[in-house]
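# Working through the structure, step by step
As a plain string of letters, each chain reads:
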Amino acid sequence: MKKQPYLGSPVFTSAVLRNHHIAARKRFGQNFLIDAGVLEDTVEAAGLTEEDFVLEIGPGIGTLTQYLAYSAGRVCAVEIDRSLLPVLEDTLQGWNNVKVVNGDIMKMDLRRLSEEENGGRPMKAVANLPYYITTPVIMKLLTEGAPLESITVMVQKEVAERMKAAPGTRDYGALTLAVEYYASPEIVRIVPPSSFMPRPGVDSAVVHLKLRTAPPVSVRNESLLFGVIRASFNQRRKKLTNGITNFEGFSFSKQTAEEAVAAAGLSPDVRGETLTLQQFAAVADALSERM
Ligand code: SAM
């Protein structure tokens, strides 16, 4: 029988912080979960079983980690804040299926981690993400080719809405398109500030991204596709042809950009923010033919 999780209430979280003489550090985005209902919903959305290997980003004082360790086969938790290591040693006592790694997730080679810790088999990422790097972490998980089955994360509500935004809306952008290309997103639940200690200034949401086995569009050159998307949203109020011409990662002439946009069946004045993923792929393919 595995040990039951016991963290996830204001009383326990305060006691852990007090006993270890620490306080939540703003610069690492530390907002600790104190709501057992949210923790249970997160683990349920991740669909964990004894077969699963979980990558947790930012275990903090180990609250979500206890729930993950209880439900999954193994957990590898990457924490940047060295001062939390003795806390985690204390709060994760009794679960022998957790490995805590001290490091910055943004600097980690996740393919290597998966090879070393899980024989290269697909992992499930689960986290209450530090809000100062939410989007870069999600982009890293989606695009770096680490074997992942799903990503279940707490993010700002506004980021969750960006993941599911429609073309032409204010929230639509590079994150929306990367999520659509690599995964199918679901907003599991909205979470109020009162579920955290200390309380963040905004509502949050748990999102579940199931990674696709194949992208929904085929494109000749994936990095060119994401270049066009970046070029377009770098200057979202400008015409797509200008975005492509001005983007520092490209060296396409104005004429080539105009030809590619026309070949994709789009108006010469079109703005990238209105394009679907399929249309971005058509522009990228047309550019690729002209390289
Ligand atoms: N999982 C805990 C919970 O739910 O109560 C803590 C979540 S807190 C929002 C974010 C955690 O991520 C903190 O523990 C913070 O120190 C850690 N963190 C921040 N930046 C990080 C990074 N670059 N790499 C790894 N961990 C990071």
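Residues numbered from 1 in each chain as written. Predicted model: local features only at pLDDT ≥ 70, side-chain atom pairs only at ≥ 80, totals over all residues. Heavy atoms only, no water.

Turning next to the pairing of strand β6 (residues 148-156). For β6, the buried fraction is high: 8 of the 9 residues fall into the buried class. Inspection of the sheet shows strand β5 (residues 123-128) paired to β6 by 6 bridges, in the parallel sense. The residue of β6 that forms the bridge with M123 is L148. (Buried < 20%, exposed > 50% of the residue type's maximum accessible area, 1.4 Å probe, protein only. Helix = DSSP H or I, 4+ residues; strand = E, 2+ residues; numbered from the N terminus. Pairing = 2+ DSSP bridges.)

This part covers the packing of aromatic side chains. In this structure the tally under the stated criterion is 9 aromatic pairs. Arranged with centres 5.8 Å apart and planes meeting at 10°, the rings of Y182 and F226 form a pair that is stacked. Of this pair, Y182 sits in helix α8 (residues 174-182) while F226 sits in helix α9 (residues 222-234), and the two are 44 residues apart along the sequence. We note that Y182, like F226, is buried. For the pair F233 and F280, a centre-to-centre distance of 6.1 Å together with 40° between the ring planes defines the contact as tilted. (Phe/Tyr/Trp six-rings, centres within 6.5 Å; stacked < 30°, edge-to-face > 60°.)

Next up on the list: the nonpolar core. Counting residues in each nonpolar core, the largest one holds 67 residues, and the members touching the most others are I138, L141, I151, L225, V228, I244 and V283. Among the domains, domain 1 (10-211) and domain 2 (222-289) are the pair contributing at least three residues each to this core. In contact with I138, other than residues within four places in its own chain, are L129, V153, V155, M163, L175 and L209. One finds L39, Y67, A72 and V191 within the second-largest nonpolar core, a separate group that totals 23 residues. (Core = buried A, V, L, I, M, F, W, Y, C linked by side-chain atoms within 4.5 Å. Domains from an automatic or database assignment. Contact = heavy atoms within 4.5 Å.)

Within the structure, the ligand sits among 23 residues, and L33, G58, E79, D104 and Y132 are positioned closest to it. Between Q30 and the ligand, the recorded distance is 2.9 Å, taken from a side-chain N or O atom to an oxygen atom. Expressed as a share of its isolated accessible area of 600 Å², the protein-covered part of the ligand is 99%. Looking at the shell around the ligand, the elements that each hand over two or more residues are β1 (32-33) and β3 (74-79). Partitioning the shell around the ligand into residue classes produces 12 nonpolar, 7 polar and 4 charged. (Near = heavy atom within 4 Å. Polar contact = N/O pair within 3.5 Å; in protein donor to acceptor, adjacent residues only side chain to side chain. Areas by Shrake-Rupley, 256 points an atom, 1.4 Å probe, with all protein chains shown as cover. Nonpolar A, V, L, I, M, F, W, Y, C, P; charged D, E, K, R; others polar.)

Right, let's talk about the sheet that holds strand β4 (residues 98-102) for a bit. Sheet strands line up and pair through hydrogen bonds in the backbone, either parallel or antiparallel. The 7 strands are arranged β4-β3-β2-β5-β6-β9-β7 in an open sheet whose pairing can be described as mixed. With partners counted over all chains shown, the strands left at the sheet margins are β4 and β7 (183-191), one partner each. Neighbour-to-neighbour, the strand axes of this sheet turn through a mean angle of 20°, independent of strand direction. Bridge count for β6 against strand β9 (residues 204-211) is 7 bridges, and the pairing is antiparallel. From the neighbouring strand, V153 faces β9, where its bridge partner is V207. The sheet contacts of helix α2 (residues 36-46) involve β5, β6, β7 and β9, and relative to β7 the element is tilted by about 165°. (Axes fitted to C-alpha atoms, helices over the stretch in contact; angles between N-to-C directions.)

Turning our eyes to something else, we now look at the domain arrangement of the protein. Entries for the protein in the domain assignment read domain 1 (10-211) and domain 2 (222-289). Placing the centre of domain 1 and that of domain 2 at their C-alpha centroids yields a distance of 34 Å. The interface is formed by 12 residues belonging to domain 1 together with 13 residues belonging to domain 2. A buried area of about 980 Å², summed over both sides, lies between domain 1 and domain 2, and 66% of it is on carbon and sulfur atoms. Its largest share of buried area at the contact with domain 2, domain 1 owes to Y172, L177 and Y181, together 49% of the area lost on that side. Summed over the shared surface of domain 1 and domain 2, the result is 0 salt bridges. Between domain 1 and domain 2 we count 6 residue pairs in polar contact (both at pLDDT 80 or more) in total. (Buried area = accessible area lost by both parts, 1.4 Å probe. Salt bridge = Lys/Arg side-chain N within 4 Å of Asp/Glu carboxyl O.)

This brings us to the environment of F226. Look at F226 and you get buried, because its relative accessible area is 13%. Counting along the chain gives 49 residues from F226 to L177, while the straight-line C-alpha distance between them is 8.8 Å. Leaving out residues up to four positions away in the same chain, F226 has contacts with A178, Y181 and Y182.

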